[in-house]
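# Analysis of the macromolecular model
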Amino acid sequence: MKILIVLSNFLSNDELLTFGGMFAQQTEIPLTVLAVVGSDKESHLADAKKNLAEAQAKLNLPNLVTKFRIGDLCEQVKHEVEQENFELVIIGERNTSYIDRWIHRFPSAVVAENVPCSAIVFKGKAKPIRRILLCDSGAGRASVLSQFTAQLARILPGDENVTILHVMSQISAGPGVTGKNLRANTDELIEEHTREGLLVEADVQALHDLGIHSSPMVRHGLVVDEILAEARSGDYDLVIVGAHEYQPPKTFLLENIARQILRKINKPILIVRGNEDFDRK
Amino acid sequence: MAQQQADLKKKAIFSRLTSIPYSKVALFIASLYLFILAITLMKDGAGGLAPLMDGFFSIDNLANSLGFGWSFAYLIMSGSPVAASALAFYNTGTLDQYNTFAMITGSRLGASFIVILIGFIYILRGRDRSTSLSMGLISLIVTVTTYIPAFFLGLYLLRSGYLDRFQIQAGQSIQSIFNRLIYPISNLASDFLPQWLVFLVGLGIIMLSFFLFDKCLPEMALKESQVGQVSRLVYHPLVMFLLGAAVTMISMSVSLSLSILVPLSNRGFIRRENVIPYIMGANITTFIDTLLAASLLDVPSAFTIVLAGMISISIVSILVLLIMNHLYQALALKSANWITSSNRNLVIFGLIILSIPIMLLLI
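Along each chain, numbering runs from 1 in the same order as the chain's sequence is written. All chains are assigned letters beginning at A, and all ligands numbers beginning at 1, according to the order in which they are written. Selection of residues for local features in this predicted model requires a pLDDT of at least 70, selection of side-chain atom pairs for listing and counting requires 80 or more, and totals for whole chains, interfaces and linings are taken over all residues.

## Some points on the overall build of chain B
Scanning chain B from N- to C-terminus turns up 16 helices and one strand. Every radius of gyration here is taken over C-alpha atoms, with the globule rule written as 2.2 Å times N^0.38, N being the number of residues. At 22 Å, chain B has a C-alpha radius of gyration in line with the 21 Å of a compact globule built from 363 residues. Principal-axis analysis of the C-alpha atoms gives chain B an extent of 80 × 55 × 45 Å. Whether a residue is buried, exposed or partly exposed follows from its count of other C-beta atoms within 10 Å of its own C-beta, namely 20 or more, 12 or fewer, or something in between, respectively; the C-beta atoms are built from the backbone. The buried share among the 363 residues of chain B stands at 48%. For every residue pair, C-beta atoms are placed from the backbone, and the pair is scored as a contact if these atoms sit within 7 Å. Within chain B, contacts between residues separated by at least 24 positions form 83% of all contacts whose residues are at least 6 apart in sequence. A run of H or I in DSSP counts as a helix once it spans at least four residues, and a run of E counts as a strand once it spans at least two, with each numbered from the N terminus.

## Structural notes on unusual backbone geometry
All names here are of chain A. In the Ramachandran plot, Asn 60 falls in the positive-phi region, its phi being about 50 degrees despite a non-glycine side chain. Inspection of the secondary structure assignment puts Asn 60 in the loop between α2 (42–59) and β3 (65–70). The exposure class of Asn 60 is exposed, given the 9 C-beta atoms found within 10 Å.

## Things to note about the packing of helix α5 (residues 80–92) of chain B against helix α10 (residues 195–215) of chain B
Residues and elements named next belong to chain B. Comment: axis = line fitted to C-alpha atoms, over the contacting stretch for helices; angle = value between 0 and 180 degrees taken between N-to-C directions. It is at 10 Å that the axes of α5 and α10 come closest, and there the two elements cross at 140 degrees. As far as their axial angle goes, α10 and α5 are oblique. Note that α5 runs across α10; the crossing there is right-handed. Touching Ser 80, Pro 81, Ala 84 and Ser 85 of α5 are Leu 203, Ile 206, Met 207 and Phe 210, all from α10. Of the residues assigned to the contact of α5 with α10, the class counts are six nonpolar, two polar and no charged. Just so you know how the angles are binned, under 35 degrees is roughly parallel, over 145 roughly antiparallel, 65 to 115 roughly perpendicular, and the rest oblique. Two helices that cross are described as forming a left-handed crossing if the nearer one is turned anticlockwise from the farther one by less than a right angle, and a right-handed crossing if clockwise. The classification used treats Ala, Val, Leu, Ile, Met, Phe, Trp, Tyr, Cys and Pro as nonpolar, Asp, Glu, Lys and Arg as charged, and all other residues, Gly among them, as polar.

## Focus: the pairing of strand β4 (residues 88–92) of chain A
Residues and elements named next belong to chain A. Of all five residues making up β4, five are buried, and the element is well covered by its neighbours. Note that strand β1 (residues 3–7) and β4 share four bridges and pair parallel. Directly across from Ile 3, in β4, lies its bridge partner Leu 88. By the bridge criterion, five bridges tie β4 to strand β5 (residues 118–122) in an arrangement that is parallel. What sits directly across from Leu 88, in β5, is Ser 118. Two strands form a pair only when DSSP identifies at least two bridges running between them.

## Concerning α5 of chain B
Quick reminder: α-helices carry 3.6 residues per turn. Residues three or four places apart thus point the same way. Residue and element names in this part refer to chain B. With 13 residues, α5 ought to run about 18 Å at 1.5 Å a step, and its terminal C-alpha atoms sit 19 Å apart, in line with that. Taken across its 13 residues, α5 has 13 buried, putting it largely inside the fold. Immediately beyond the C-terminal end of α5, within one or two residues, lies Gly 93, with a positive phi of roughly 85 degrees. Given a helix with a known number of residues, its expected span is that number minus one, times 1.5 Å.

## Some remarks on the nonpolar core
Remark: nonpolar core denotes a set of buried Ala, Val, Leu, Ile, Met, Phe, Trp, Tyr and Cys residues whose joining runs through C-beta atoms within 7 Å. The biggest cluster of nonpolar side chains holds 179 residues, and the ones touching the most others in it are Val 6, Val 89 and Ile 240 of chain A. Looking at which element gives the most residues to this core, the answer is helix α15 (residues 301–340) of chain B, with 15 residues. The domain boundaries here were taken from an automatic or database domain assignment. There are two domains that each give this core at least three residues, and those are domain 1 (1–126) and domain 2 (127–281) of chain A.

## Points about the domain arrangement of chain A
All names here are of chain A. As assigned here, chain A comprises domain 1 (1–126) and domain 2 (127–281). At the interface, 25 residues of domain 1 touch 23 residues of domain 2. Taken together, the elements giving at least two residues each to the side of domain 1 that touches domain 2 come down to α1 (13–24), α5 (107–114) and β5. For the side of domain 1 that touches domain 2, the leading source of residues is β5, giving five residues.

Shown next as structure tokens:
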């Protein structure tokens, strides 16, 4: 897997490099660290070179590639990914408070949404990835999520435990509707072969086939709230969500759930984008 | 070859003509006729109820009018006939424009009761509280929390006179239809019945017209469309807002447009995130029949009153969606969950929604 780590001013690059370094241990493909500066001012260039030198020292990898680019962060990362065919971008973002969410543009989030590959937005403290929360909306992209999760797990050191979460946010649309499923737990939904039960079961099977141990979970409530609640209570090290769909008319009709989670969560989050999304964008 | 093509064309036209549901078209025309007749009868008879309004109910402030519209809608389990009644009272000068606006707002608040009542009936039949009442409760919570701020905004709009230029009255051609088809019957009723009874006959006919109108709506075949996935995907709030507005514009009833959501999914489920913007959209276009009724009255400013209601509720709903949608959703859903969490909470809620309009009426 070709991985690009983007250094920026949004977070301590030390934490970001520690986190990104974990992905480099099991892969033979060289890791690339990119520093992007807004202009060719002498001081900016000096900062970029200093950051790259620190990255080199911190990661201490023989085949590490370091680069810098001048210009808009989002544009430059996008160009770099397109030129070098990176499969994963890792970029840092500071922890976000309620006020931050209202007043900031979240440059890292913009990068993650616009690069033509999957992206991890790193927040918080760097620690080994042991517990992964994989959120499957059931919108038909389970295979992309499972495959990427398995690919990622293979390059991470140690064993990971993946929890597959599906949030059932439905309520009854009318008084006469039979709503047993609306209160059922994960086991009941699987036993009764409901749509949600079949979905999480298929995810577990797909990951099992790829050699990854996983367990299913269904929660009831608002999608974003439940994902955030599970991510916080379950002490997960990485949250995985599918990217917003870019196929018209869905791109205009659907809520961008990935963006909402990205902005509200204070953990590393991986936004998985399938190959078909590149073409659509 | 040319003959064959002409035959095919004729066949296509014939098949198109035969596929038109003529019975539904006839039903639509009949319900529209009854609606216009009912408005005319209510307009003619409203004066007869003026002593009752001034004396027995003593409607002399905004709270009274709000409470009257609210309780009246509970009583007949529908909002639109009450809104039409408010306009009829305005036409005769029984209510001024602010009290008319208050009564129309009250009618919308009371109209949500029908969905809850159906839910209660299902509970009595042994169904689960939460499943039976969720939609009705959310509908009521959304209506109350948006209509009350919109009520004050609407009063401001009316007082400021910004909307005074928007006034519509039936044109010459409509008047000529009235002269031929409506007035002979309404005059006959006025000649033989006491004025208050003319109003009640009008009220009965308008309810019948809404009933017939429901019957002539086409079967909704949205299951296979993009919108048919409404239970599976989380849609952008503004998309659901527009969908709710569009469906209600056609169905002219919030409770009917909510019931249309059931066939949108195989299991009759809808996502929590989608339902609130949908109800907000529905709450705006449900005024469409009241707007039509206003344009049939003798007083052009009746249209302005209804327009103030539509504009104010639109502003409040859009602001909520754009600024605090997520927080609003969470609070509305929490409130609905609290109400259905125990019988005690349900009784407390029931007493509150029944007593508020009565208290307003007695102020």
